[in-house]
Amino acid sequence: DAKTTQPTSMDCAEGRAANLPCNHSTISGNEYVYWYRQIHSQGPQYIIHGLKNNETNEMASLIITEDRKSSTLILPHATLRDTAVYYCIDPTGANNLFFGTGTRLTVIP
Amino acid sequence: DAGVIQSPRHEVTEMGQEVTLRCKPISGHNSLFWYRQTMMRGLELLIYFNNNVPIDDSGMPEDRFSAKMPNASFSTLKIQPSEPRDSAVYFCASRSREANTEAFFGQGTRLTVV
């Protein structure tokens, strides 16, 4: 079962930063937080993951709170192609990948 | 690598018929996942394998569904007999044996049971 809580939907103006929050209050000390996104009709796509340090790659930045109970995915300059459903995942101890309902991000021109 | 390959991309079948969905994971990956996605239920994990062995099949909806992984490069998800409520997009994903790595998804099979 999904162990994360995300807002159902968000809007972001094109060119602005999109900040997507996620609560994962039951995450254990050695589990990474993963973020994926799913663009309409396609398979989910990996974005980024982290343990406790902030992470950045070519797609996004991930900010994890010190207590590790929440994180924020940042798309620094959102484009129309970033419109998708974004999933924050707290894997179980058995390495399952359970997807919750995610956040539907709409980038507005 | 061509990524996770699923076939067919689309399948239309009549109620009562057997349906077999296929997945070829990325070479070298040792974990394989099957998901089902519908508007009503979202993305559901059906079953996953580690080293070709089913680890957790608690998400498999009922006995009509079965999954196999005869070797590291091939897996099938079978529905017999199929019903209209099985209509969905079925995704396969694979992941490396290295710890804390991401999963890669195929493009999915859109199944329609009429």
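Right above here is the structure, for reference.
The notes below deal with the structure included here. (Residues numbered from 1 in each chain as written. Chains lettered and ligands numbered in written order. Predicted model: local features only at pLDDT ≥ 70, side-chain atom pairs only at ≥ 80, totals over all residues. Heavy atoms only, no water.)

### What to know about the nonpolar core
Rules: Working definition of a nonpolar core: buried Ala, Val, Leu, Ile, Met, Phe, Trp, Tyr and Cys residues. They are joined through side-chain atoms within 4.5 Å. The rule is simple: take the accessible area with a 1.4 Å probe, protein chains only, and divide by the maximum for that residue type; under 20% is buried, over 50% is exposed, in between is partly exposed. By the criteria applied, helices consist of DSSP H or I runs no shorter than four residues and strands consist of E runs no shorter than two, each listed in order from the N terminus.
In terms of nonpolar packing, the biggest core is built from 21 residues, with W34(B), L77(B) and Y90(B) touching the most fellow members. Listing elements by their share of this core, those giving two or more residues are β3 (19–24), β4 (29–38), β5 (42–50), β7 (65–71), β8 (74–79), β9 (88–96) and β11 (109–113) of chain B. Grouped together as the second largest cluster of nonpolar side chains are 20 residues, I48(A), A60(A), L73(A) and C88(A) included.

### Details of the state of the cysteines
To keep it simple, the criterion reads: We call a pair of cysteine sulfur atoms a disulfide when they lie within 2.5 Å.
Within the structure shown, the criterion is met by 2 disulfides over all chains. Disulfide pairing places C22(A) opposite C88(A) at an S-S distance of 2.1 Å. Disulfide C22(A)-C88(A): torsion about the S-S bond near -75 degrees, hence left-handed. With C22(A) in strand β2 (residues 18–23) and C88(A) in strand β8 (residues 84–89), this pair connects stretches of sequence that are 66 residues apart. Here the two residues C22(A) and C88(A) agree in accessibility, since each one is buried. Disulfide pairing is shown between C23(B) and C92(B); the S-S distance is 1.9 Å.

### So, the pairing of β4(B)
All names here are of chain B. Spelled out, the test is: DSSP bridges decide pairing: two strands pair if at least two such bridges lie between them.
For β4, a buried count of 10 out of 10 residues is recorded, marking the element as mostly surrounded by other parts of the structure. Two strands pair when backbone bridges link them, and β4 and β9 are joined in this way by 8 bridges, in the antiparallel orientation. In the sheet register, Y35 faces β9, and the bridge partner there is F91. In the sheet, β4 pairs with β5 via 8 bridges, with the strands oriented antiparallel. Its bridge partner being in β5, W34 is matched across the sheet by I47. Between β4 and β5, which pair antiparallel one after the other, the connecting turn spans 3 residues.

### Looking at the interface of chain A and chain B
The test is simple: Contacts are assigned to residue pairs with any non-hydrogen atoms lying within 4.5 Å of each other. Buried area counts how much accessible surface, traced with a 1.4 Å probe, disappears from two parts once they are put together, with both parts' losses summed. Charged means Asp, Glu, Lys or Arg here, nonpolar means Ala, Val, Leu, Ile, Met, Phe, Trp, Tyr, Cys or Pro, and polar covers whatever is left, Gly included.
In this complex, chain A contributes 17 residues to the contact, which on the side of chain B involves 17 residues. Counting the surface chain A buries against chain B, the share from its top three residues, P44(A), L97(A) and F99(A), is 29%. Every element with two or more residues in the side of chain A that touches chain B is listed here: β3 (33–38) and β4 (45–50) of chain A. For the side of chain A that touches chain B, the per-class residue count stands at 10 nonpolar, 7 polar and no charged.

### A short note on the sheet that holds strand β1 (residues 9–13) of chain A
Residues and elements named next belong to chain A. Cut-off, in case you're wondering: Axes, fitted as lines to C-alpha atoms, cover a helix only where it is in contact. Angles between the N-to-C directions of the axes lie from 0 to 180 degrees.
Pairing within the open sheet is mixed, and its 5 strands lie in the order β1-β9-β8-β3-β4. Both edges of this open sheet fall to β1 and β4, since each of them pairs with a single strand only. Each strand of the sheet is rotated relative to its neighbour by a mean of 25 degrees, with strand direction disregarded. Of the pairings in the sheet, the one linking β8 to strand β9 (residues 103–108) comprises 3 bridges and is antiparallel in character. Each bridged residue has a counterpart across the sheet, and for A84 the counterpart in β9 is L105.

### Some words on the sheet that holds strand β7 (residues 70–75) of chain A
Residue and element names in this part refer to chain A. Read from one edge of the open sheet, 4 strands run β2-β7-β6-β5, paired in antiparallel fashion. With one partner strand each, in any of the chains shown, β2 and β5 (55–56) form the two edges of the open sheet. As judged from the 6 bridges shared by β2 and β7, these two strands associate in the antiparallel manner. Of the residues in β7, the one forming a bridge with C22 is S71.

### Here we look at the pairing of strand β6 (residues 61–64) of chain A
All names here are of chain A. The sheet contact formed by β5 and β6 spans 2 bridges and is antiparallel. Bridge pairing in β6 links T56 to S61. Between β5 and the antiparallel strand that follows it, β6, lie 4 residues. As judged from the 4 bridges shared by β6 and β7, these two strands associate in the antiparallel manner. Looking at the pairing, I64 lines up with S71 of β7. Linking β6 back to β7 in an antiparallel pair, the connection comprises 5 residues, with R68 at a positive phi of about 65 degrees.

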